[in-house]
Amino acid sequence: MEENKKLAIVEDTVKYCLFLIPDEPRDPEKHKEILQKYIERIMIQFAPVLVPYIWQNQSFNLKYKPGKRDVPAHMFGVTKFGDNIEDEWFIVYVVKQITKEFPELVARIEDNDGEFLLIEAADFLPKWLDPDNSTNRVFFHHGELCIIPAPRKPGAASWLPTTPPTIPQALNIISTHSEKILASESIRAAVNRRIRGYPEKIQASLHQAHCFLPAGIVAVLKQRPRLVAAGVQAFYLRDPVDLRACRIFKIFLPETRIMTSVTFTKCLYAQLVQQRFVPDRRSGYKLPPPSHPQYRAHELGMKLAHGFEILCSKCSPHFSDSKKSLMTNSPLWAGFLESLKKNDYFKGLIEGSAQYQERLEMAKNYFQFSVNQPESSLAMSPGEEILTLLQTIPFDIEELKKEEANLPPEDDDQWLDLSPHQLDQLLQEAAGKKEPEPISKGEKENYDLTQVSESMRAFISKVSTHKGAELPREPSEAPITFDADSFLNYFDKILGPRPHESDSDDLDEDDFECLESDDDLDLETQEPGEEASVKGTLDDLQSYMAQMDQELAHTSVGKSFTTQKQMEALSQTTNNNSDEEDSGAGESIMTPVDVDLNLVSNILESYSSQAGLAGPASNLLQSMGVQLPDNTDHRPTTPKSENHWKVPTRNNVMYRLWERSC
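Looking at an unreviewed UniProt entry, one finds the protein named Ecdysoneless cell cycle regulator and attributed to Equus asinus.

Have a look at this one:
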């Protein structure tokens, strides 16, 4: 059932719910009235932050949702954020602040990916928590992230259900044990890092650019700055049918164009700039040469004009705005406007001034679409809203042209060009890591490659399942302790209760020493039969591995690995005669392989073959906190016909590192 609910969420859409606690039986009508009052209070209190925000598709909104089955009545909202993921995280910030300002409210938020807050903090989640049991466990309360835990043992905590809780159970746990369900500091830090900087961050996400636009669009954007998003989206998602309306413009004529300043979000600006588009010759929109100093402004204006023309072309020519009024005559409007004045929304502007009227129009727009929401049948489409504004607001083209001389400067759009270093820095910040200091020349010469072998040993010693392998969070993290019972259980399932052979070929001598240690197996505490079974299993494994070693030693696979005897010869000369290697193969058949040396040399060769790009070697090592110096040898890599396991050449940094590790 829950799986069907997740599938029902539209792509790139975030859903949020606000519940009132304690969850007590209430009269449905009275409960509805209480929740609707909360909606008004929330939307009014957060209006100063929400009013000027430019949304990619849909704005933050709250509606009353009646109770159904085991879900009590609550406040509910859905926002399609589209390509701008920042809209989703801004909503996370708003929801978090709502629970901080209204402690009696509990919030739950998810998107089409499910519990995306847990995805953000995936590196720090407890092992028991996975997508299968995370339903109804993650909430915001008192402005903090809470995760309802699962009992470690049945009956360990009577207040914790053994299965994922229902919404009423979760609300009861939050109201009675709020101090016990607070998410760990690392999880909260991961989420807080993602929303750090709001609300000041909103201004940093905007981009001002000059556009050569028809006067009608300039007048509309002065009244409704948020409609720039609808215009960009209409152009960005256009199809051949939409472009038919742009062969000959009927509403936004090119002859009325003037220079103006338009505020975009960075996402909208990037969408508009990056698309190449040549207008129809019949449209009248001609562009100057690319070398022209105002070419970018003409190009942006042309694209935006096409978007607005497409929006208006989708409206019925006989649409009536009688039922689609601005609704400022609602009884809620007077209280909403008074609350805005108390919260200093107008910033001391003189009533009736141009700037006051501009902010008032923004407030009316916000009130219409967020506070006093119309039914879907009465809601205006962006195109209908544009046409209504063109019919109701007077504008003088000559007056608008006079403003061209006083336009604010454009913002620099160098942020569109991202260097590899900046990309690495962004990825490090997204992962919550500090950018590693560049390795100096002296450090390159003295680089300790034991970090590579130790990190790989720590990685191999971790548990891996069908869900993937675990990475050690620190390079120096100690291997996990060996669980003999789990080890034998796995072998019982695979080989049967009394195995005579093993199919594993991944154990070496160190592993056998670990398995035979008294600390790990504690054979003294086992029954005689169990002790004999364990020893028999280990003997079978050792015998099986020894036979494999003998068979592989005569093959090209066995000769491809460097042994300890071969290493002694390599330390004296780097060029071995192939005949000598063949003759010496019989002597070193059972000579132990130098595991660390083979590991390091193969990783270095893989790292070198990446040629500075991302690859398996660098990705794996960086995930474990190991940073290798750059390879200064730019010669062609070894041909495929040659041995793939050759050590690095002497004339590069990698060879010196490899030689030092030997």
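1. Considerations on the side chain of glutamine 610
Tracing the backbone through its elements, the reader meets glutamine 610 in the loop between helix 28 (595-609) and helix 29 (616-623). In contact with glutamine 610, not counting residues within four places along its chain, are Gly615, Pro616, Ala617 and Ser618.

2. Focus: the environment of glycine 284
Structurally, the position occupied by glycine 284 is in the loop between helix 12 (266-274) and helix 13 (295-313). For the pair glycine 284 and methionine 302, spaced 18 residues apart in the sequence, the C-alpha separation amounts to 10.0 Å. Beyond its immediate sequence surroundings of up to four residues, glycine 284 is in contact with Pro254 and Arg257.

3. Digging into helix 10 (residues 227-236)
Each α-helix turn comprises 3.6 residues. Residues three or four places apart therefore point the same way. Here helix 10 lies mainly inside the structure; 9 of its 10 residues are buried. Among all positions in helix 10, only Leu227, Val228, Ala229, Ala230, Gly231, Val232, Gln233, Ala234 and Phe235 are buried.

4. Here's the deal with unusual backbone geometry
Of note, the bond from isoleucine 21 into proline 22 is cis; its omega dihedral lies within 30 degrees of zero at 0 degrees. Position of proline 22 relative to the elements: it lies in the loop between strand 1 (13-20) and helix 2 (28-45). Cis peptide bonds are those with omega within 30 degrees of zero, and the linkage from tyrosine 198 to proline 199 qualifies with 5 degrees. Counting through the fold element by element, proline 199 comes out in the loop between helix 7 (185-194) and helix 8 (201-204). In this structure, arginine 69 takes a positive phi of about 55 degrees despite not being glycine.

5. Quick notes on the packing of helix 28 against helix 29
The axes of two packed helices give the description: the angle between them and the distance between them. Following both chains from N to C, one finds helix 28 and helix 29 inclined at 115 degrees, their axes separated by 7 Å at the closest point. On helix 29, the residues touching Ile603, Ser606 and Tyr607 of helix 28 are Pro616, Ala617, Ser618 and Leu621. Tallied by class, the residues present in the contact of helix 28 with helix 29 amount to 5 nonpolar, 2 polar and no charged.

6. Describing the sheet that holds strand 4 (residues 105-111)
Read from one edge of the open sheet, 6 strands run 2-3-1-4-5-6, paired in antiparallel fashion. Where the open sheet ends on each side, the last strands, each with one partner, are strand 2 (63-65) and strand 6 (144-147). The average angle at which neighbouring strand axes cross in this sheet is 35 degrees, direction not considered. One ladder, built from 7 bridges, connects strand 1 with strand 4; its direction is antiparallel. Counterpart to lysine 15 in the pairing with strand 4 is glutamate 110. Helix 2 rests against strand 1, strand 2, strand 3 (74-80) and strand 4 of the sheet, and its axis sits at about 155 degrees to strand 2.

About the criteria used
Residues numbered from 1 in each chain as written. Predicted model: local features only at pLDDT ≥ 70, side-chain atom pairs only at ≥ 80, totals over all residues. Heavy atoms only, no water. Helix = DSSP H or I, 4+ residues; strand = E, 2+ residues; numbered from the N terminus. Contact = heavy atoms within 4.5 Å. Buried < 20%, exposed > 50% of the residue type's maximum accessible area, 1.4 Å probe, protein only. Axes fitted to C-alpha atoms, helices over the stretch in contact; angles between N-to-C directions. Nonpolar A, V, L, I, M, F, W, Y, C, P; charged D, E, K, R; others polar. Pairing = 2+ DSSP bridges.

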